[in-house]
Amino acid sequence: TAAAAQDPELSGALELEAGILFWQAGERKKAVLRFASASGNGRAGSALLGWALSAAESGDLAARRRALDAAAESAPDLAALDRFALEVARGGDADAARDALNSVLDMPSSELNSAATLARALWSPGGSEEDERAVALHKLADHGSAAALARAAAYGIELARTPNGADRTLAEAARTWALVDPGLAPALEWLAAATHSGDIEDEIEARRALAERLPPSLAATFQASAAIVALLSGQGTQKPLTSNEPAAKLANLELAAPGGDPRRRAHALLDVGLNLGEENLGVMTALAGYNQLAYGDTSAALDSFRQVVEAHPEELLGWEGLRSAADAVGDRATVAEACAALGDAVSDGKSGSEFWEQAAQILLDEFKDTTRGEFALSRAVERDVRRFGAFDRLFRMVRARKDGPRLLELVSRRLEVAEEPDEIAKLFWERARVLRGAGDREGALTALENVRLLEPDHVGALALSGEIYITLGRFAEAAENLARLGALEEAPAQQRLMSGIAAVDLYENKLDDAYAALDVLANLHRAKLSTLAVRERLARAAARAESWAQATEALELLMNERGSSAGRVEAARLAMVIHRDRLSDTARAEAATTRLLSEVPDDGEALDLALADAFPKGATIALLERGLAALTQAIANNPLDIERVERLARVAAYLGKAPLRQAALGALIALGVSSEAVEQELVRMDQRVANVPRIAIDDSALPNLADPEDRGPIAELMRVMATTICQELGPSLAAYGVSKRERVDARAGLPVRNEIAAWAGALGVGEFELYIGGNDPDAVVAIASETPALVLGSAVTAPLSPRHRQAVARELFALRRGTTVLRHRESAEIGALVVAACRIGGVTLEAPAYAMLPEFQRSLGKARGRVKKLLPDLARAIAKSGQDPTDWVQAAVSSLDRMAAIAAGDVSWVLSAGGRERGTLGLSNEAAARARRLLTFVLSPVYLELREQLGMGVK
């Protein structure tokens, strides 16, 4: 109290505190006084004053009314609400209670308005005023904790009003109750009312509200039922339930209908798990895999199907899905695996075979796995042997592996279903081939007969039949089959050729039937299948069968086709001979003869046929011209070949080459082939030849006249010492029985001297003395004296005969070259002369111990001083050259022979013994070498050219 008096701002609060303390101490009057003092300072004081008054006089209704009137000044809403309670509780005035309650309801800002609204909802005097109660209940729905109770009361009112429960208003009341009351009962009432009213949407909402008030397991059930009802009522796609309870998962599966969103259905199928039973898990996973395929998640689908087939390998659904998924991701190995599994799993054999074939194709073509690929093909054939693709490929693999028993098994199975004749024939053919390889020849022949029944001209059957018949020794049947194959146009060319040749071998070597062999070869040739070997056989077979026209036809091909010249020559020669000897038609031998001479231009038989005027003149001349060149070349290598020389003479005669003819005839006589006609022809030819040369004969004009080896320091030595050798060693004029009495005066004009003078002038001899007489009437001898001399026998007259002309030319040519000593000395003596001259010149040569060396050295030592001065240089040159005197002698003699042959035109006189006998060569090796050397020259173009240059050719 003291504090309140001192602090006016706190006096109200202090008065309230004092009143509370007095009330607690039991001094209620003092408390009322203090509350009265505080009432002037706020609602709290007024409220406490009214409360205190009512409490102090609780048994007196009038006193309670007065207390409430007093409190109404400071808290009219509270006082009015207390007045309502007082009137209702004490059985007071109902109207006063209604008025007090309405006064509070009319104050919406009052904190006690909700309490008044609740009182209005609860108070129903005599069961009246239900409408007011309902309004009050609806208002309470908006007032927090009172809403649930209000809505429950409202629902109760509506339920009482609606005995059949079908009123839509009842459902709405239940709904509003449930929305504000989280309890289970409102939700159940709502569901019952909504279901009874037939409002599907309200029912769905009630189910969902009920689910929110239930434990998870039951909540999932009502969530699921709500979603299902919504789905069944046609409200479209429902969102998936998020609960992990089985009911939710099952409902999600129902909500994800087939044909809808495959991603959602796949998730629902996989999420349902074991809730449909373990036995259905595989089916659910497979269905999920197909939906994964549908929305493009091929990897997930592959995993799903892999789980299915691992858990249920017997399920077709899983394997088909695995195949599709693997194919989509490009996993070819898994595709093959799935196809293989399906191949065994499907009941239809045709489909199973197709699956196995697909597996085989992948294994063989993509993975090169022949082992598993062949197994897959085998299974495909086992399931359906009618599947040609699988059978054919397996068949080829087995055949390539040469697995005979397996191949026979496949053939037998396929024959049971094969319908096409071509295939049946092929199968029997393969059976025959395998049986043949296994050694069952009779079985193979039986199979081949079946082949031939279907395809009479089956290439393989004909070939294999022929082979088997050969092994059985049935050569006639073998040859018949092989010959037929050789004539078969449809057969491959190489097969026809091989079979035809085999048939020919049988006909020739086993059956001795040349005519049949020829027919086969002729058929091959006409079919343009013949090779070089076939044409060889054809030629031989035609000759054996004496079918000469066919033989020449084949040979005339071979003469151009054979690889070697010898082979072409042989064919051409045979063709030519057959035309000539068998067909007596030399004109048709022209091609063969021409070919033969193109290979061997000097072939005797061919040239002889040409010389016989068998062919047109122009062709003959061309052949002979070429043959002439070859003959000349061949004779140059072997001039002693009488046959070639004789043929050369005939070719020369045919071609009108008289100079060559003359040379060849002379060579023939020298070789010992002579006749009166030949000698008479030579005489006539000589009459057409000039007796003396028309130009001077020297080395510059005629470089080829002397032998190529007749040169060098020894030849120069002989030229320098020719006179000395003659003076010291002879021979002298006396040796030939002549003296000055037999010397012919140049002024006498003796014809023979004139002719010899012409030769001497042509050979550059110059002044000479001629002696006629002596002991030998045919003598022609040159003496290398200071003034050269020539001794003629009495029988040597003008005009000079070829025999004497060649001798005169030889001797004069020897005088010119200083080689007259060659007529009188052997080659060994010439060697001794050379060694002796070198020693005189101060040079000692290595040489044999010549017997005549001392004598020659003594005699040559008497040489005049001019000659001796030249000897040292010549000796050194000879020593340096290393020239062999013996070789030089042969060359020097050859030079003289050349000159003699040119002068005579008839080499037989040159090589005759002593110039008297023709056609007989010496027997010594030296004589043969001399003849070879000279004939090589005479039968060469050089000889003819020299005679032509000298003007001594045959005209």
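Every chain is numbered independently, its residues counted from 1 as its sequence is written. The model is predicted, so local features are restricted to residues of pLDDT at least 70 and side-chain atom pairs to those at 80 or more, both for listing and for counting; the totals for chains, interfaces and linings are taken over all residues. Water and hydrogen atoms were dropped before computing side-chain values, which therefore reflect all heavy atoms in the structure.

S.K.: Can you tell me about the overall build of the chain, naming the residues and giving the values?
M.R.: Helix and strand labels come from DSSP, where a helix needs a run of H or I of at least four residues and a strand needs a run of E of at least two; each type is numbered from the N terminus. Regarding its fold elements, the chain presents 49 helices and four strands. Between buried and exposed lies partly exposed: a residue is buried under 20% and exposed over 50% of the maximum accessible area for its type, with that area taken using a 1.4 Å probe on protein chains only. When the 955 residues of the chain are sorted by exposure, 48% land in the buried category. Contact criterion: two residues are considered in contact whenever any of their non-hydrogen atoms come within 4.5 Å of each other. A fraction of 54% describes how many contacts in the chain between residues 6 or more apart in sequence connect residues 24 or more apart. Per element, the accessible surface of the chain, about 44800 Å² overall, is 52% carbon and sulfur. Surface exposure here means Shrake-Rupley accessible area, sampled with a 1.4 Å probe, where a residue is shielded only by the protein chains that are shown.

S.K.: Could you give an account of the sheet that holds strand β1 (residues 743–744), naming the residues involved and the relevant values?
M.R.: Sheet architecture is open: four strands sit in the order β1-β2-β4-β3, paired in mixed fashion. For this open sheet the edge positions go to β1 and β3 (780–783), each flanked by a neighbour on one side alone. Pairing of β1 with strand β2 (residues 769–772), which is carried by two bridges, proceeds in the antiparallel orientation. Pairing of V744 across the sheet is with L770, part of β2. A pair of strands is considered paired only if DSSP assigns at least 2 bridges between the two.

S.K.: Which residues make up the pairing of β2, and what values do they have?
M.R.: Relative to strand β4 (residues 789–792), β2 runs parallel, the two sharing four bridges. Residue pairing across strands places L770 opposite L790, the latter belonging to β4.

S.K.: Give me helix α27 (residues 459–471): which residues, what numbers.
M.R.: Any helix carries an expected span of 1.5 Å times its number of residues minus one. Here α27 spans 19 Å end to end across 13 residues, near enough to the 18 Å set by a 1.5 Å rise per residue. On its buried face, α27 sits against α25 (421–437), α26 (441–454), α28 (475–486) and α29 (493–510). Looking one or two residues past α27, G473 carries a phi angle of roughly 75°, positive in sign.

S.K.: Before we move on, could you go through the packing of helix α20 (residues 332–345) against helix α21 (residues 349–366) and cite the residues and values that matter?
M.R.: Note on definitions: angles span 0 to 180 degrees between N-to-C directions of axes, and those axes are lines fitted to C-alpha atoms, for helices only across the stretch in contact. The geometry of α20 relative to α21 is characterised by a closest axis approach of 7 Å and an angle of 155° between their N-to-C directions. Considered as vectors, α20 and α21 are oriented roughly antiparallel to each other. The two elements α20 and α21 cross, and the hand of that crossing is left-handed. Contacts between α20 and α21 involve R332, V335, A336, C339, A340, L342, G343 and D344 from the first element and G352, F355, W356, Q358, A359, I362, L363 and E366 from the second. When residues are grouped by polarity, Ala, Val, Leu, Ile, Met, Phe, Trp, Tyr, Cys and Pro land in nonpolar, Asp, Glu, Lys and Arg in charged, and all others, Gly among them, in polar. A class-by-class count of the residues in the contact of α20 with α21 yields 10 nonpolar, three polar and three charged. An angle counts as roughly parallel when it lies under 35 degrees, as roughly antiparallel when it exceeds 145, as roughly perpendicular when it falls between 65 and 115, and as oblique in every other case. Here a crossing is taken to be left-handed if its near helix is turned anticlockwise relative to the far helix by less than a right angle, and right-handed if that turn runs clockwise.

S.K.: Lay out the pattern of salt bridges with the relevant residues and their values.
M.R.: One side-chain nitrogen of Lys or Arg within 4 Å of one carboxyl oxygen of Asp or Glu is enough to make a salt bridge. Counted by the stated rule, this structure contains 54 salt bridges. Of the charged contacts, one joins E681 and R661 as a salt bridge, the two residues approaching to 2.9 Å between their closest N and O atoms. In this pair, E681 sits in helix α39 (residues 676–687) while R661 sits in helix α38 (residues 658–670), placing the two residues 20 residues apart along the sequence. A salt bridge links D897 to R810; the shortest N-O distance between them is 2.0 Å. Remark: R810 occurs in helix α42 (residues 802–817) and D897 occurs in helix α46 (residues 885–904); sequence separation between them is 87 residues. With a relative accessible area of 0%, D897 lands in the buried category. A residue is classified by how much of its surface remains accessible, and R810, at 13% relative accessible area, is buried.

S.K.: Explain the packing of helix α22 (residues 370–383) against helix α23 (residues 388–401) to me, and be specific about the residues and the numbers.
M.R.: At a minimum axis separation of 9 Å, α22 and α23 run at an interaxial angle of 130°. In terms of their interaxial angle, α22 and α23 are classed as oblique. As α22 runs across α23, the sense of the crossing is left-handed. Together, T370, E374, L377, S378, A380 and V381 of α22 and A390, F391, R393, L394, M397, V398 and R401 of α23 make up the contact between the two elements. Of the residues assigned to the contact of α22 with α23, the class counts are eight nonpolar, two polar and three charged.

S.K.: Mind laying out the packing of aromatic side chains, listing which residues take part and the relevant values?
M.R.: Stacked, tilted and edge-to-face are the three classes assigned to paired rings of Phe, Tyr and Trp, where Trp is represented by its six-membered ring and a pair needs centres within 6.5 Å; plane angles under 30 degrees give stacked, over 60 edge-to-face, the rest tilted. One pass over the full model with this rule turns up four aromatic pairs. By the criterion adopted, a ring carries a charge over it if an Arg CZ or a Lys NZ lies within 6 Å of its centre and within 35 degrees of its normal. Directly above the ring of F391 sits R414, whose terminal nitrogen or CZ lies 5.1 Å from the centroid. Above the plane of the ring of F768 lies R753, whose end atom (NZ or CZ) is 4.5 Å from the centre.

S.K.: Before we move on, could you go through the pairing of β4 and cite the residues and values that matter?
M.R.: Burial along β4 is two-sided: the face carrying A789 and V791 and the face carrying L790 and L792 are both buried. Summarising the sheet, β3 and β4 pair through four bridges and their orientation is antiparallel. Bridge pairing in β4 places V781 opposite V791. Connecting β3 to the next strand, β4, in antiparallel fashion are five residues.

S.K.: Report on the environment of K239, specifying residues and quantitative values.
M.R.: Among the secondary structure elements, K239 is positioned in the loop between α14 (216–232) and α15 (246–255). Along the chain, K239 and A227 lie 12 residues apart, while their C-alpha atoms are 8.3 Å from each other. Discounting chain neighbours no more than four positions away, the residues touching K239 are L255 and R264.

S.K.: So what's going on with the nonpolar core? Residues and values would help.
M.R.: In this structure, I756, W759, L812 and V907 are the most contacted members of the largest nonpolar core, which totals 220 residues. For V907, the residues in contact, after removing those within four places along its chain, are G666, A667, A670, A901, L934, L935 and V938. We define a nonpolar core as any set of buried Ala, Val, Leu, Ile, Met, Phe, Trp, Tyr and Cys residues linked to one another through side-chain atoms lying within 4.5 Å. Judged by nonpolar contacts, the second largest core, of 15 residues, contains L170, W190, L191 and A194.

S.K.: Give a description of helix α12 (residues 184–197) that names residues and reports values.
M.R.: For α12, spanning 14 residues, the distance from its first C-alpha to its last is 20 Å, which sits close to the expected 20 Å at 1.5 Å a residue. Considered for burial, the residues of α12 that qualify are P186, A187, W190, L191, A193 and A194. Count one or two residues on from α12 and you reach G198, which has phi positive near 80°.

S.K.: Tell me what's going on with the side chain of D392, and back it up with residues and numbers.
M.R.: Structurally, D392 is set in helix α23. Here D392 falls in the buried class, since its relative accessible area comes to 14%. Polar contacts involving the side chain of D392 include one to the side chain of R396, which spans 2.9 Å. A 3.5 Å cut-off defines polar contacts: any pair of N or O atoms within that distance qualifies, except that in protein one atom must be a possible hydrogen donor and the other a possible acceptor, and neighbouring residues in sequence count only when both atoms are side-chain atoms.

S.K.: Hey, could you go over unusual backbone geometry for me, with residue numbers and the actual values?
M.R.: That bond from G730 to P731 is cis: its omega, 0°, falls within 30 degrees of zero. Along the polypeptide, P731 turns up in the loop between α40 (713–729) and β1. Of the consecutive residues A798 and P799, the connecting peptide bond is found in the cis state with omega at -10°. Inspection of the secondary structure assignment puts P799 in the loop between β4 and α42. For K368, which is not glycine, the phi dihedral falls at a positive 55°. For K368, the position within the fold is in the loop between α21 and α22. Residue K368 is classed as exposed on the basis of its relative accessible area, which comes to 63%. A positive phi angle, near 60°, is found at K402, a position not held by glycine. Its place among the elements puts K402 in the loop between α23 and α24 (404–415).

S.K.: Any chance you could break down the environment of G818 for me, citing the residues and the numbers?
M.R.: Note on placement: G818 falls in the loop between α42 and α43 (827–840). Residue G818 is classed as buried on the basis of its relative accessible area, which comes to 5%. Residues G818 and A784, spaced 34 residues apart in sequence, show a C-alpha to C-alpha distance of 7.5 Å. Aside from chain neighbours lying at most four places away, what touches G818 is M718, R719 and A722.

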